[in-house]
Amino acid sequence: MTTYQPVGMYSPMLKPDARTKLLDAAIEVIRKQGYAATSVDELCRKAGVTKGAFFHHFESKDALAVAAANHWSATTGALFAGADYHDHDDPLDRVLAYIAFRRDLIQGTPAEFTCFAGTTVQEAFATKDDIRAACEASIFGHAETLVADIADAMRKYKVKGDWTAQSLALHTQAVLQGAFILAKAKGDAAVARDSADHLRRYIELLFKGSTKKEQSK
């Protein structure tokens, strides 16, 4: 099973530097217990670095959080870019396979499958604008990777409405982020997988008016 992993954890052969260790530690610990509950001392212990090393690379915990959001984007970006849902010829199949891929990632504890950016921004959005902006860039940037496939599917299946490829791409993230919250509240990944299933059904219904069978005639 493929899971979200910080860059420095992809291979035991990799030996990340202190900065990368701190970024990886921030992603792991904050996903587990939240931003406010995480201290610099704890991050240093988790990363196995000194406090001096921390402040050599980051002026504050907030600065680390901003960098960690960017690190998260790079890590997950590589994961999604290499996923096999891109291999489908039909753009709608690619979108649906993306949802299936996201569903398959929902395994284990919330700390193992939830989004670092989504977790962090829920705490920081009102008080730490630099962290909010970094999380926004991460979530909205990921949504943007779906826009071309959705737009191609809309053209192929002649789907029109008062919505856009961009708005549907963002809606997929709204559903998934909400699913993560449900899993945290319930203490069970199954409820999040159910939400992903409903998202797939919803997208299928949006394109139902022009079926693949009709398009092949």
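Note that the structure is predicted; figures quoted are calculated from it, not measured.

Peer 1: Help me understand the nonpolar core in this model?
Peer 2: Grouped burial of nonpolar side chains is what soluble globular proteins tend to show. Of all hydrophobic cores here, the largest spans 38 residues; its most connected members are Leu22, Leu43, Phe54, Phe58, Leu64 and Phe116. Listed by contribution, the elements that provide at least two residues to this core are helix 1 (18-33), helix 2 (40-47), helix 3 (51-57), helix 4 (61-81), helix 7 (116-124), helix 8 (129-156) and helix 9 (165-186). The biggest single contributor to this core is helix 1, with 7 residues.

Peer 1: Looking at this structure, I do not really get helix 1. What am I missing?
Peer 2: Structurally, the α-helix is built with 3.6 residues per turn, so residues lying three or four positions apart point the same way. Counted at 1.5 Å a residue, the expected span for helix 1 with its 16 residues is 22 Å, and the 22 Å between its end C-alpha atoms agrees. Taken as a whole, helix 1 has its buried residues at Thr20, Leu22, Leu23, Asp24, Ala25, Ala26, Ile27, Val29, Ile30 and Arg31. Against the buried residues of helix 1 lie helix 2, helix 3, helix 4, helix 6 (110-113) and helix 7. Gly34 occupies a position one or two residues after helix 1 and carries a positive phi of about 95°.

Peer 1: Would you mind going over the pattern of salt bridges with me for this structure?
Peer 2: Counted by the stated rule, this structure contains 10 salt bridges. In this structure, Arg94 engages Asp149 in a salt bridge whose closest nitrogen and oxygen atoms are separated by 2.8 Å. Placement of Arg94 in helix 5 (residues 91-105) and of Asp149 in helix 8 is noted, with a sequence separation of 55 residues between them. Note on accessibility: Arg94 and Asp149 belong to one class, buried. Arg132 serves as the salt-bridge partner of Glu136, at 3.0 Å between the closest nitrogen and oxygen. Here Arg132 and Glu136 lie together in helix 8, a separation of 4 residues that amounts to about one turn. Bridged by salt links that share partners, the residues Asp129, Arg132 and Glu136 form one connected network.

Definitions and cut-offs
Residues numbered from 1 in each chain as written. Predicted model: local features only at pLDDT ≥ 70, side-chain atom pairs only at ≥ 80, totals over all residues. Heavy atoms only, no water. Core = buried A, V, L, I, M, F, W, Y, C linked by side-chain atoms within 4.5 Å. Buried < 20%, exposed > 50% of the residue type's maximum accessible area, 1.4 Å probe, protein only. Helix = DSSP H or I, 4+ residues; strand = E, 2+ residues; numbered from the N terminus. Expected span 1.5 Å × (residues − 1). Contact = heavy atoms within 4.5 Å. Salt bridge = Lys/Arg side-chain N within 4 Å of Asp/Glu carboxyl O.

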